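What follows is the residue order along each chain.
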Amino acid sequence: MSAERAIAFLEGLKIPEGPHAGKPLRLAGFQRRFVAGALDPANTVACLAIARGNAKTALSAGLALGAVMGEWDRQPRREIVFAARNRDQAKIAFNFVCGYVSGLPKARRDQFQIRRGSRLEVEFDGNGGGLARCVAADGRSILGGAPVLAILDERAAWEKDKGDELENGILSGLGKRGGRALIISTSAADDANSFSRWLDNPPSGTFVQEHRPAPGLPADDLESLLVANPGALEGIGSSPEWLLAQARRAIARGGSALSSFRNLNRNERVAADNRSVLVTVDEWLAAEVAPDTLPPREGECILGVDLGGSRSMSAAALFWPRTGRLEAVGTFPCNPSLSDRGAADGVGARYSEMKERGELFTIGEAVVPAGPWLAAIVKLAGDATISCIVGDRFRHAEFLEAMQKAGLRAPFIARGMGFRDGSEDIERFRAALFERRIKVAPSLLLRSAFADCITLIDPTGNNKVTKSRSCGRIDAACAAILAVAEGMRRSARPVKQGRPALWV
């Protein structure tokens, strides 16, 4: 009932600004779904993650106006809070409310008092009275409040400590009068952000609506752009043509421009600071070729291995330096199932899809047995001559045992995963990728791994690989880096010329 009243109220407002200013407000389908979920009696918190320019602030401002007027909640002296990182950000929602008020009939407008000085407030005198006010991300400014509605705008952009303090102060006051919180934002850059945790692990009584496309797609993929920008087809925000043009501009510029576009306009969790990205998704996609155009398996083969355990993935990468061909495969133990692992890692049916594509298989009950697994990888290599195996130095003994059980007679090259060896391997891998010396068939396994892979940088500029998500699987990327880097080292070595025999 509350949702129906809210939708009817919102569609009675007039658009305050933009090319459609003065026209009646018409809600899009995704906006109706959010209103219904946010005002469901079973929910006290509603989270909306959507790309920039899809009227999320305008929608929440309309709900705030309806709440302050008591359209669906007639408690006297209602309090509504606009919370943002700073006063200027909160003022955006405040101005939307003022714009909606200016479009109301005069009798209604006369019941409002708008204060624009040191305090940004909208006070309503009718229907028991209500007050909407703006606060910045300072928890002390909200202590003692009892809001019936709180809007946490662009939550992903708040400073960690002050933002968490403000959020806690708001949420602690909601229970006093049966209040609700709307947490709206474009996606954060990583999973550690407080807004990301709301989306990934919502508590009971939380409604989540996230418009985030599947990872590993080109920035100018129109279908996924429309997933992140559902308003584009309904006349809200940017048009599909504009989004495609901006995507191609970002691809051409690369670097932080592309990362920012993915984060803000595609609603993807991509670090805007490009220094922390191992390779961008678009840089990796440039190495993918059609399966029928893959170079042959010629010359020596380098096997890069990342051994896993009961929880992590075991991954192997086969690289032929002479032709640049790269193949990768991942492995999990059978228990738990791939569907359960996908649910726990927040990737849905992606692991099952990898298995259907032949990029992932299961072996063992609770732990991947290293020996039989390595023997299975050697079978996948077929007639290729494996010249060496490259793996983690700290698991040297496990590798030797596994190679003995698999009957594999090849030298083992131990590489550290820290700054010393890792930085060299990363730079050799990047150079090979940028010089188009890597050719790989489209691989969901590798796309997902590189999408979750970032680097940590020490004060001297050295890199080492780490995860961008706590539950991300980057094992296949690590194996590929090890194999390609060793292949590039071998290719760079001068060929020894045989000396002719001398007869004395």
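Reading the values: the criteria
- Residues numbered from 1 in each chain as written.
- Predicted model: local features only at pLDDT ≥ 70, side-chain atom pairs only at ≥ 80, totals over all residues.
- Heavy atoms only, no water.
- Helix = DSSP H or I, 4+ residues; strand = E, 2+ residues; numbered from the N terminus.
- Polar contact = N/O pair within 3.5 Å; in protein donor to acceptor, adjacent residues only side chain to side chain.
- Contact = heavy atoms within 4.5 Å.
- Core = buried A, V, L, I, M, F, W, Y, C linked by side-chain atoms within 4.5 Å.
- Buried < 20%, exposed > 50% of the residue type's maximum accessible area, 1.4 Å probe, protein only.
- 1 Å grid on protein atoms, 1.4 Å probe; cavity = no way out; pocket = protein on both sides within 12 Å on 5 of 7 lines; lining within 4 Å.
- Points joined across faces, edges and corners; volume = space filled by probe spheres on them.
- Nonpolar A, V, L, I, M, F, W, Y, C, P; charged D, E, K, R; others polar.
- Phe/Tyr/Trp six-rings, centres within 6.5 Å; stacked < 30°, edge-to-face > 60°.
- Salt bridge = Lys/Arg side-chain N within 4 Å of Asp/Glu carboxyl O.
- Pairing = 2+ DSSP bridges.
- Axes fitted to C-alpha atoms, helices over the stretch in contact; angles between N-to-C directions.

### Re the side chain of R325
Part 1 of the reasoning: With respect to the secondary-structure elements, R325 resides in strand β11 (residues 325-332).
Part 2 of the reasoning: Among the polar contacts listed, one links the side chain of R325 to the side chain of E327, at a separation of 2.7 Å.
Part 3 of the reasoning: The contacts of R325, once residues within four sequence positions are left out, are L294, P295, P296, R297, L318, F319, W320 and K439.

### A closer look at the environment of R77
Part 1 of the reasoning: Relative to the elements of secondary structure, R77 occurs in the loop between α3 (56-68) and β2 (78-84).
Part 2 of the reasoning: Sequence-wise, R77 and E424 are 347 residues apart; in three dimensions their C-alpha atoms are separated by 64 Å.
Part 3 of the reasoning: Aside from chain neighbours lying at most four places away, what touches R77 is G128, G129 and R177.

### Some remarks on the nonpolar core
Within soluble globular proteins, side chains that are nonpolar generally end up buried alongside one another.
Part 1 of the reasoning: L10, L65 and F112 are the most contacted members of the largest nonpolar core, which has 51 residues in total.
Part 2 of the reasoning: Excluding residues that lie within four positions of it along the chain, F112 makes contacts with L65, V68, M69, V101, L104, V122, E123 and F124.
Part 3 of the reasoning: Counting 43 residues, the second-largest nonpolar core is a separate cluster that includes L338, V390, L433 and V440.

### A short note on the layout of surface pockets
Empty space among the atoms can be located by rolling a probe the size of a water molecule over them.
Part 1 of the reasoning: Taken as a whole, the largest pocket holds about 1,100 Å³ of empty space.
Part 2 of the reasoning: Forming the boundary of the largest pocket are 44 residues, of which G53, N54, A55, K56 and A58 lie nearest the centre.
Part 3 of the reasoning: Looking at the lining of the largest pocket, the element that brings in the most residues is α3, giving five residues.
Part 4 of the reasoning: Residue composition of the lining of the largest pocket, by class: 20 nonpolar, 15 polar and nine charged.

### Focus: the packing of aromatic side chains
Part 1 of the reasoning: One pass over the structure, following the stated rule, counts nine aromatic pairs.
Part 2 of the reasoning: Chaining the aromatic ring pairs together yields one cluster made of W284, F429 and F450.

### Here we look at the pattern of salt bridges
Part 1 of the reasoning: Tallying each qualifying case throughout the model produces 34 salt bridges.
Part 2 of the reasoning: The partner of K106 in a salt bridge is D110, and the shortest N-O contact between them spans 3.0 Å.
Part 3 of the reasoning: Among the ionic pairs, R269 bridges to E210, the shortest N-O distance being 3.8 Å. With R269 in the loop between α10 (255-264) and α11 (281-285) and E210 in strand β8 (residues 206-210), this pair connects stretches of sequence that are 59 residues apart.
Part 4 of the reasoning: Residue R269 is classed as buried on the basis of its relative accessible area, which comes to 13%.
Part 5 of the reasoning: For E210, a relative accessible area of 30% corresponds to the partly exposed category.
Part 6 of the reasoning: It is possible to trace a salt-bridge network through shared partners that takes in E300, R393, R415, D421, E424, D425, R428, E486, R489 and R490.

### Looking at the sheet that holds strand β5 (residues 130-136)
Part 1 of the reasoning: Pairing in this open sheet of eight strands is mixed, and the strands run β3-β4-β5-β2-β6-β7-β1-β8 from one edge to the other. Each having just a single partner strand, β3 (112-116) and β8 make up the two edges of the open sheet. Going across the sheet, the axis of each strand differs from the next one's by a mean of 10°, ignoring polarity.
Part 2 of the reasoning: Relative to β8, strand β1 (residues 45-49) is paired through five bridges, and the arrangement is parallel. Note that in β8 the partner of A46 across the bridge is F207.

### Some thoughts on the pairing of β2
Part 1 of the reasoning: With respect to burial, β2 is a largely interior element, seven of its seven residues being buried.
Part 2 of the reasoning: In β2, alternate side chains face the same way, and those of R78, I80, F82 and A84 on one face and E79, V81 and A83 on the other are all buried.
Part 3 of the reasoning: Examined bridge by bridge, β2 and β5 share seven bridges and lie parallel to one another. In the sheet register, A84 faces β5, and the bridge partner there is A136.
Part 4 of the reasoning: Relative to strand β6 (residues 149-153), β2 is paired through four bridges, and the arrangement is parallel. Of the residues in β6, the one forming a bridge with V81 is A150.

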